[in-house]
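These are the residues of each chain, in order.
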Amino acid sequence: MEAVVFVFSLLDCCALIFLSVYFIITLSDLECDYINARSCCSKLNKWIIPELIGHTIVTLLMLVSLHWFIFLLNLPVATWNIYRFIMVPSGNMGVFDPTEIHNRGQLKSHMKEAMIKLGFHLLCFFMYLYSMILALIND
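Quick notes on the rules
Residues numbered from 1 in each chain as written. Predicted model: local features only at pLDDT ≥ 70, side-chain atom pairs only at ≥ 80, totals over all residues. Heavy atoms only, no water. Phe/Tyr/Trp six-rings, centres within 6.5 Å; stacked < 30°, edge-to-face > 60°. Helix = DSSP H or I, 4+ residues; strand = E, 2+ residues; numbered from the N terminus. Buried < 20%, exposed > 50% of the residue type's maximum accessible area, 1.4 Å probe, protein only. Salt bridge = Lys/Arg side-chain N within 4 Å of Asp/Glu carboxyl O. 1 Å grid on protein atoms, 1.4 Å probe; cavity = no way out; pocket = protein on both sides within 12 Å on 5 of 7 lines; lining within 4 Å. Points joined across faces, edges and corners; volume = space filled by probe spheres on them. Nonpolar A, V, L, I, M, F, W, Y, C, P; charged D, E, K, R; others polar.

Tell me about the packing of aromatic side chains, and name the residues and values.
Enumeration over the complete set of coordinates arrives at four aromatic pairs. Aromatic side chains Phe23 and Phe96 sit 5.8 Å apart centroid to centroid with 90° between the ring planes, which places their arrangement in the edge-to-face category. In this pair, Phe23 is assigned in helix 1 (residues 2-31) and Phe96 in the loop between helix 4 (68-86) and helix 5 (106-138), connecting sequence segments 73 residues apart. For the pair Phe23 and Phe96, one class covers both residues: buried.

This is how it looks when you write it as structure tokens:
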């Protein structure tokens, strides 16, 4: 059963790595003016909820399967994703808003956040891979 938990977590982590790379590429396209702010924000906003759900499922799965260290490692990122989604001001298009993305360095902060998430998901990927191999050997 433990191996199934880590296989699912590994697959989910692969999807989250893909999303992080997609966010970085799309934000860098906006930074270089290859796409306009409205299309960039609409592309990114439609992937916010799947990212939120994917990360929250893995966090809850680690809580239910009693892997406390991995749960506590995932909890701050899951909490940040939920907080960021809930605190979108009314009237904004979403977490990424085309009227505000160039103001106050938001583009740079979104890019930095995407890079940090990519590093976090890569770290989790190797932790899940190690844990999956260990669970398969022990079974």
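Summarise the pattern of salt bridges; cite the residues concerned and give the values.
Throughout the structure, instances matching the rule amount to five salt bridges. Across the salt bridge formed by Arg84 and Glu113, the nearest N and O atoms sit 2.4 Å from each other. With Arg84 in helix 4 and Glu113 in helix 5, this pair connects stretches of sequence that are 29 residues apart. One exposure class covers both Arg84 and Glu113, and it is buried. We note a salt bridge from Glu113 to Lys117, for which the minimum N-O separation is 3.4 Å. Residue Glu113 and its partner Lys117 are located together in helix 5, separated by four residues, close to a single helical turn. Considered together, Glu113 and Lys117 belong to a single accessibility category, that of buried residues. A cluster of three or more residues bridged by salt bridges with shared partners is formed by Glu51, Arg84, Glu113 and Lys117.

Requested: an account of the layout of surface pockets, with residues and values cited.
Rolled over the atoms, a probe sized like a water molecule indicates the empty space that remains. The calculated volume of the largest pocket comes to roughly 320 Å³. At the level of elements, helix 4 and helix 5 are the ones that each hand at least two residues to the lining of the largest pocket. Of the residues forming the lining of the largest pocket, the biggest block, four residues, is contributed by helix 5. Here the residues of the lining of the largest pocket are counted per class, giving six nonpolar, five polar and four charged.

Note that all results are geometric; they support no functional claim without further evidence.
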